[in-house]
Amino acid sequence: MTAYLPPGLPGFAHRSGRLAGESAFDVLAVVNRLRAEGRPIISFGIGEPDFPTPPNIVEAAKAALDAGMTRYGPSNGLPELREAIASDVSDTRGIAVDAEQVVVAPGTKPLIFYTIATLVNEGDEVLYPNPGFPTYESVTRWLGATPVPMPLTEASEFGCDRDALAAAMTPRTKLIIINSPNNPTGGVLAAVDLAFIAELAVQHNCWVLSDEIYSRLVFDGEFLSIASLPGMQDRTIIVDGFSKTFAMTGWRIGYGVMHPSLASAMARVETNVESCTATFTQVAAIEALRGPRDEPFRFAREFAARAEVVVNLLNGIPGIRCARPRGAFYAFPNVSGACKSLGFETADEFAHALLHEADVAVLPRSCFGARNTGETDEYFRLTFATSMEQIHEGIARIKAFVERGRQ
Ligand code: PMP
């Protein structure tokens, strides 16, 4: 329900109307309400690991609190955490990173915001993946720049449509945002695609924001960062965080790695916005990076195993076709056939009916941006950051729902 301002109050700034919400959180609120009413909802909605944070990380935070770490810290993060991040990013991306290039923030999301705010002027164009994480487009629009979609298509296995990307570049393109592995498609950019994007970025002299929050969840082969391609480190801003890999969504901690001048500019934004990230959370993050990794590795193995199960089960439903995700914890099936047989015009209608009639929450494609030109198929996203048991039960419900409709 929309609450209207009482008459007589001054209005909001124009820009406030340009900021979009994130449907995953809206669906989460509905799921929680329905559950509170006693409905046995299975949620494939919000992308949040179902595992608890590993105990060694929790203990590190408790010890930090007991030791009195309850005060402000430096805006860009505790030096020890920035050191730990620099060394981890150097190892995982094969580039030399030092602590002055690292900025810590309360989540990866604020760093996406700060990057766009720091680099982009009104009227500049920002290329973003579509379907993609909704924040990129929303923040770009809010800041008065122009978001330009970079279509991810099923035909290219949700990798990169190079012709479309080259055609989207203009003299106003200032920033290219990539997200590999991708939310919501589970697609991973191939090395040749990264090289192609790097070449365009150099040719057109633009920045690249590489959202690498799912980099430790790549199912086949090694993760490759665009920052490690020749000549790319200075113009790339890597953002990553602890939410997904270490099951720490509610802790709110993430980081960016960038040119030191940009890192100082970002730290200034942080001073003005949040002052700093909670210090005991940062101590927990140091433990996450320096402590035993058995649990995060187990999470990653489990997500890979679930991916196989989800894809096989979905492909057993008439009218649903699901490509194998190559990373992250999302499946993005094409549900055009099922929509047609059930008489739904769109995946939105299908998702709505699934939630209210079959007690299963999924997020339709529209939660991740408007259709690209020429895009006619219907998709929804399921996260498999939920137990095997829930996966089996939830997809069985979807199957029964589709088959019931077809009788
Ligand atoms: N980037 C992507 C692609 C994501 O999917 C998410 C979380 N859904 C984030 C960033 C935000 O992560 P954090 O919790 O670290 O802010």
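Residues numbered from 1 in each chain as written. Predicted model: local features only at pLDDT ≥ 70, side-chain atom pairs only at ≥ 80, totals over all residues. Heavy atoms only, no water.

Caption draft 1: Here's a closer look at the packing of helix α2 (residues 55-66) against helix α9 (residues 279-290). Packing of α2 against α9 brings their axes to within 8 Å, and their N-to-C directions diverge by 145 degrees. Crossing of α2 against α9: the hand is right-handed. Together, Asn56, Ile57, Ala60, Ala61, Ala64 and Leu65 of α2 and Phe280, Val283, Ala284, Glu287 and Ala288 of α9 make up the contact between the two elements. Its residues placed into classes, the contact of α2 with α9 shows nine nonpolar, one polar and one charged. (Axes fitted to C-alpha atoms, helices over the stretch in contact; angles between N-to-C directions. Helix = DSSP H or I, 4+ residues; strand = E, 2+ residues; numbered from the N terminus. Left-handed = near helix turned anticlockwise from the far one by under 90°. Contact = heavy atoms within 4.5 Å. Nonpolar A, V, L, I, M, F, W, Y, C, P; charged D, E, K, R; others polar.)

Caption draft 2: Highlighting the sheet that holds strand β7 (residues 236-241). In spatial order, the strands read β2-β8-β7-β6-β5-β3-β4; together these seven strands make up an open sheet with mixed pairing. The open sheet has two edge strands, β2 (102-105) and β4 (146-151), and neither has a second partner. Pairs of neighbouring strands in the sheet enclose a mean axial angle of 20 degrees, with direction left out of account. In this structure, strand β3 (residues 125-130) lies alongside strand β5 (residues 173-179), joined through three bridges in parallel fashion. Bridging across to β5, Glu125 finds its partner in Thr173. Helix-sheet contacts for helix α4 (residues 108-119) involve β2, β5, β6 (207-211), β7 and β8 (254-257), and the interaxial angle to β7 is about 160 degrees. (Pairing = 2+ DSSP bridges.)

Caption draft 3: Structural detail: the nonpolar core. By size, the foremost hydrophobic cluster in this structure holds 44 residues, and its most contacted members are Phe44, Phe303, Leu314, Phe350, Phe384 and Ile398. Mapped by element, the contributors of at least two residues to this core are α10 (294-315), β9 (330-331), α11 (336-342), α12 (347-358), β12 (380-383) and α13 (388-406). Residue contributions to this core reach at least three from each of two domains, namely domain 1 (2-52 + 295-406) and domain 2 (69-290). Leaving out residues up to four positions away in the same chain, Phe384 has contacts with Phe219, Phe303, Arg306, Ala307, Val310, Pro325, Ala328, Phe329, Tyr330, Ala331 and Ile391. (Core = buried A, V, L, I, M, F, W, Y, C linked by side-chain atoms within 4.5 Å. Buried < 20%, exposed > 50% of the residue type's maximum accessible area, 1.4 Å probe, protein only. Domains from an automatic or database assignment.)

Caption draft 4: Representation of unusual backbone geometry in the model. Residue Pro181 is bonded to the preceding Ser180 through a cis peptide linkage, with omega at -10 degrees. Inspection of the secondary structure puts Pro181 in the loop between β5 and α7 (191-203). The step from Asn183 to Pro184 runs through a cis peptide bond, and the omega angle for that step is 20 degrees. Inspection of the secondary structure puts Pro184 in the loop between β5 and α7. Backbone geometry places Ser275, a non-glycine residue, at a positive phi of 65 degrees. On the secondary structure map, Ser275 appears in the loop between α8 (260-273) and α9. Backbone geometry at Asp359 places phi at a positive 60 degrees, although glycine is not the residue there. Tracing the chain through its elements places Asp359 in the loop between α12 and β10 (360-361).

Caption draft 5: Representation of the site of the ligand in the model. Around the ligand there are 14 residues in total, and Thr108, Asp211, Tyr214, Ser243 and Arg252 lie nearest to it. Taking Asn183, its side chain carries an N or O atom lying 2.8 Å from an oxygen atom of the ligand. Within the side chain of Ser243, an N or O atom sits 2.7 Å from an oxygen atom of the ligand. Protein chains bury 93% of the 400 Å² of accessible surface belonging to the ligand in isolation. Among the elements that take part in the shell around the ligand, α4 stands out by supplying three residues, more than any other. Residues of the shell around the ligand, tallied by class, amount to five nonpolar, five polar and four charged. (Near = heavy atom within 4 Å. Polar contact = N/O pair within 3.5 Å; in protein donor to acceptor, adjacent residues only side chain to side chain. Areas by Shrake-Rupley, 256 points an atom, 1.4 Å probe, with all protein chains shown as cover.)

Caption draft 6: Representation of a nonpolar patch on the surface within the structure. Taken together, the side chains of Leu5, Leu9 and Phe12 present a nonpolar region at the surface, about 340 Å² in accessible area. Examined against the element boundaries, Leu9 turns out to sit in the segment before α1 (23-36). (Patch = residues over 30% accessible without salt bridge, like charges linked within 9 Å, V, L, I, M, F, W, Y side chains within 5 Å. Salt bridge = Lys/Arg side-chain N within 4 Å of Asp/Glu carboxyl O.)

Caption draft 7: Geometry of the sheet that holds β9. Read across the open sheet, the three strands follow the order β9-β12-β11; overall the sheet is antiparallel. The open sheet has two edge strands with one neighbour each: β9 and β11 (363-364). Two elements, β9 and β12, share two bridges in a ladder whose sense is antiparallel. Each residue of the ladder has a partner; that of Ala331, found in β12, is Leu382.

Caption draft 8: Spotlight on the domain arrangement of the chain. Once the domains are mapped, the chain shows domain 1 (2-52 + 295-406) and domain 2 (69-290). Look at where the C-alpha atoms of domain 1 and domain 2 centre, and you get two points 25 Å apart. The interface of domain 1 with domain 2 comprises 40 residues on the first partner and 38 residues on the second. Taking both partners together, domain 1 and domain 2 bury about 3100 Å²; carbon and sulfur atoms supply 56% of that area. Counting across the domain 1 and domain 2 interface gives four salt bridges. Asp220 serves as the salt-bridge partner of Arg324, at 2.9 Å between the closest nitrogen and oxygen. Where domain 1 touches domain 2, the interface holds 21 residue pairs in polar contact (both at pLDDT 80 or more). For the side of domain 1 that touches domain 2, the secondary structure elements donating two or more residues are α10 and β9. (Buried area = accessible area lost by both parts, 1.4 Å probe.)

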